[in-house]
Every structure is written in structure tokens, then in C-alpha cells.
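Examination of the molecular architecture
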Amino acid sequence: MVTLSRRAACTALGAAAAFGLNRPLRFVPTASAMPVEPSVGFHRFKVGLVEVTAVYDGIWRKPHDPAFIKDVTVDQTKEALAKAGLTTDFMPIPLTVFVLKLGDRYVMCDAGSGVGQWQANATHLPGNMAAAGIDHTKIDTVLISHFHPDHVWGLMQKGTNAPTFPNAELVVSSTEYRWWTDPERLGKLPEGRRGAGKRIADVFPTWKNWRLAEDGSELAPGVRLLFAPGHTPGHSALLVSSDTDQLMISADTMYVPALLAPHPDWQGSYDQDGPMAVGTRRMLLDRIIADKMAICGSHFPFPGAGTFVRDGNAYAFTPAEA
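Definitions and cut-offs
- Residues numbered from 1 in each chain as written.
- Predicted model: local features only at pLDDT ≥ 70, side-chain atom pairs only at ≥ 80, totals over all residues.
- Heavy atoms only, no water.
- Helix = DSSP H or I, 4+ residues; strand = E, 2+ residues; numbered from the N terminus.
- Buried < 20%, exposed > 50% of the residue type's maximum accessible area, 1.4 Å probe, protein only.
- Contact = heavy atoms within 4.5 Å.
- Areas by Shrake-Rupley, 256 points an atom, 1.4 Å probe, with all protein chains shown as cover.
- Pairing = 2+ DSSP bridges.
- Axes fitted to C-alpha atoms, helices over the stretch in contact; angles between N-to-C directions.
- Core = buried A, V, L, I, M, F, W, Y, C linked by side-chain atoms within 4.5 Å.
- Expected span 1.5 Å × (residues − 1).
- Polar contact = N/O pair within 3.5 Å; in protein donor to acceptor, adjacent residues only side chain to side chain.
- pLDDT = per-residue confidence, 0-100.
- Phe/Tyr/Trp six-rings, centres within 6.5 Å; stacked < 30°, edge-to-face > 60°.
- Lys NZ or Arg CZ within 6 Å of the ring centre and 35° of its normal.

1. A look at the overall build of the chain
- Of regular secondary structure, the chain possesses eight helices and 15 strands.
- Counting over 322 residues, the chain shows a buried share of 57%.
- Of the contacts formed within the chain by residues at least 6 apart in sequence, a portion of 68% connects residues at least 24 apart.
- Approximately 13,200 Å² of the chain is accessible, and the part contributed by carbon and sulfur atoms is 52%.

Encoded structure:
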């Protein structure tokens, strides 16, 4: 969370009350120490008639790195974390996956990092899904925001690359799919991304259950893809609408709100096009603020939801409390 100006704090509370979830999340508008990991690994709320379950996959306890944010020092990132009530011992990057229940249909938003495939302590998705009563074999559709490992390695089994959801429809933006599976792409990737790029290029084109979507496409009833490029070329957000309620599932548009809410123009090293990512970030946040809607993010503090308000030329984030 961030320290809010008095005006922004009042606006945040108003926004939290206004988005109209049937089972409201609780919001915490003042800074206090937040736990690194949750004691319960799933959390449910409603958006109109849509039941949303936030499922905790784990956390990357990323060592501090001066290259993480372009032209920003480790001391500056630590200061932002401290103001948000987060640990400064490392860069905390949790990962939450969201599962939508649409009637009797289960739609999963991203697939997590895969047990033993991303970080040693990001292995909790299968167990937390089971604890939430969600049978992974009953997932009808998996909506993919982008092809970074912490979002798609969960589609594949470690070692064999066998599909985790062989009967589910897999949906991704056509731009993202074609960029990563371009036969000439591998040689153009930075050295550090070639391993991931090769796995994607070798495996994903062999699967027949992909559906490629365009900006504004309805992916499931009341769920639309919104093109949100910059983090990757085809990175997408999802807009969930039911009755008069809306929820933005923003994936990595605002990956660490403690850093990017007060400093929305900071460019992360994982943004493939930093200036484009900044423009997309501002456009998406201005939209959710204007529409007084809640937002979910893959790397927000668990349960991965909250609201943003304007705070001068920057933003203030109020996280939901599980």
C-alpha cells in the first residue's frame, strides 16, 4: 500500500465503496506492516454474478538489483517499499492467479508458474486450488495475458512439457502468440530470454487448443480482452463485466504497485518496450479510476486486488485485505 494524501485517501475509500462487489473486499487505506505471504491461499468475491477466486501461487523473493528499474537506485526502490508497508529485505513479487466461475463454467486467468519451474517457493497453486474446491480438470478455458514464465509455465508439466489442461481452450492475443512463435524470433531474443523463448516455440505450436483473440474480443460471457502492450508485445488485460459491476484483471500492467503507483513512469527491466508500457499503464489506470472499478494484478499483495486513485500526477493504491 502507499501513503495517501488526505484527498486521495478519501477518494480511495469512495472508490472502494462504489465498485459494488456483491461480497465487498475490505480495503486498507493506511500503511502498516503487511505479511510477506498469506496464511490462507485463496480468497473469493463477487463481480455481479461472477464468482472470482484469487489463488496464491507463491512469491519471488527477488534480490535487490539496481537494474530492476531503469535509472532508479536500490535505495529508491527500498524507500517505495517501506512507504507501502512492505519488506525491504528483498523485492517481494507475489503471484496470484484468478479463476472466474461463470455459471457452471470455470475460466482461469493465466496458469501460474508451474511447480518447481519458476521459483522454489512458488509451488502453491495446485494445493490452493484444491483447497478452494476448484478441480483443475474442470477448467474449461485458460485466458493468457502474456507468455512470461510465471504466467504460462503452469500450462506445462516439468520435464515432459505435457499439457496441464489438455481439454481446455487456451486463449491469447494473436500478437503475443505470433511474436513468441515466430521461427526467426529465437535468434533475436536477449541471451537471458532464449531458454524461455525456445520452450515456448518448441511446445506451444504443437497444441491444437489455442484460440487467438483480437483487442475487444469477448473471450467468455462478460469477459473481454483489452490490448495492453509494452510489458510484452501482445500483453493483454481482461475486463470482467456482470450486471453493473466491473473488474479489471490487469496482469503485469502495474506489476508492483508499491513502486509504480507513486512512480508510474518508472520502466521495469522486464518491460520489453518501457515507454509503451508507461503509456499503457497510465491509460488503463485512468480508465479504471474514471469508471470507479476495482483492479486485480498478478503481482499485487495477496489477494491481488484493490483500487487506484489519482494523487497529483501519480496514483495511490489501496489494496484489498484477504
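So much for the structure itself; the text now carries on.
2. Digging into the pairing of strand β10 (residues 223–227)
- When strand β9 (residues 218–220) meets β10, the two strands line up antiparallel, connected through two bridges. Paired with E218 across the strands is R224, a residue of β10.
- Judged from the five bridges that link them, β10 and strand β11 (residues 236–242) form a sheet pairing that is antiparallel. Paired with V223 across the strands is V240, a residue of β11.

3. A look at the environment of I59
- If you trace the backbone, I59 turns up in strand β3 (residues 50–62).
- Given a relative accessible area of 1%, I59 falls into the buried group.
- Taking C-alpha positions, I59 is 3.9 Å from P94, a pair spaced 35 residues apart along the chain.
- Apart from residues lying up to four places away in sequence, I59 is in contact with V36, E37, P92, I93, P94, Q119, N121 and A122.

4. Quick look at the sheet that holds strand β8 (residues 210–213)
- Taking strand neighbours across the sheet as the criterion, the seven strands line up as β2-β3-β4-β5-β6-β7-β8 in an open arrangement whose pairing is mixed. Pairing within the sheet leaves two strands with one partner each, and these edge strands are β2 (42–47) and β8. Neighbour-to-neighbour, the strand axes of the sheet open up by a mean angle of 25 degrees, direction not taken into account.
- The pairing of β3 with strand β4 (residues 91–102) spans 11 bridges and is antiparallel. When the sheet's bridge partners are listed, I59 is paired in β4 with P94.
- On top of the sheet, helix α5 (residues 174–181) reaches β7 (169–173) and β8; it is set at about 90 degrees to β7, its chief contact.

5. Details of the nonpolar core
- Counting 36 residues, the largest nonpolar core has M248, L259, L285, I288, I295 and F308 as the members making the most contacts within it.
- Those elements that place two or more of their residues in this core are α2 (74–83), β4, β11, α7 (257–260), α8 (274–290) and β15 (314–321).
- Excluding residues that lie within four positions of it along the chain, L285 makes contacts with M254, I295, F308 and Y315.
- Formed by 32 residues, the second largest nonpolar core is a distinct cluster that contains M108, A132, Y177 and V203.

6. Quick word on α8
- A rise of 1.5 Å per residue sets the reference length of α8, with its 17 residues, at 24 Å; its end C-alpha atoms lie 24 Å apart and thus fit the reference within 8%.
- Against β11, β12 (245–249), α7, β13 (294–296), β14 (305–311) and β15 lie the buried residues of α8.
- Two or three places before M276, at the opening of α8, D273 has a side-chain oxygen 3.1 Å from that residue's backbone nitrogen.

7. Here we look at the confidence of the model for the chain
- Mean pLDDT over the chain stands at 91; residues scoring 70 or higher make up 89%.
- Taken together, the stretch residues 1–24 has pLDDT below 50 and engages in 60 contacts with residues farther than four places along the chain or on a different chain.

8. Overview of the side chain of R282
- Within the secondary structure layout, R282 lies in helix α8.
- Those residues in contact with R282 that lie beyond four places of it in its chain are P264, D265, R310, N313 and Y315.

9. Re the packing of aromatic side chains
- Counted under the stated rule, the structure contains 16 aromatic pairs.
- Judged by centre distance (5.6 Å) and plane angle (75 degrees), the ring pair of Y56 and F302 falls under edge-to-face. Within this pair, whereas Y56 is found in strand β3, its partner F302 is found in the loop between β13 and β14, the two being separated by 246 residues in sequence.
- Taking relative accessible area as the criterion, Y56 reaches 3% and is therefore assigned buried.
- The cationic tip of R185 hangs over the ring face of W179; the distance from NZ or CZ to the ring centre is 4.0 Å.
- Over the aromatic face of W153 sits the side chain of R199, whose NZ or CZ is 4.6 Å from the ring centroid.

10. A word on the side chain of T253
- Here T253 lies in the loop between β12 and α7.
- The buried category is assigned to T253, whose relative accessible area is 4%.
- At 2.8 Å, the side chain of T253 forms a polar contact with the backbone oxygen of S250.
- Setting aside anything within four residues of it in sequence, one finds T253 in contact with A228, H235, T280, R281 and L284.

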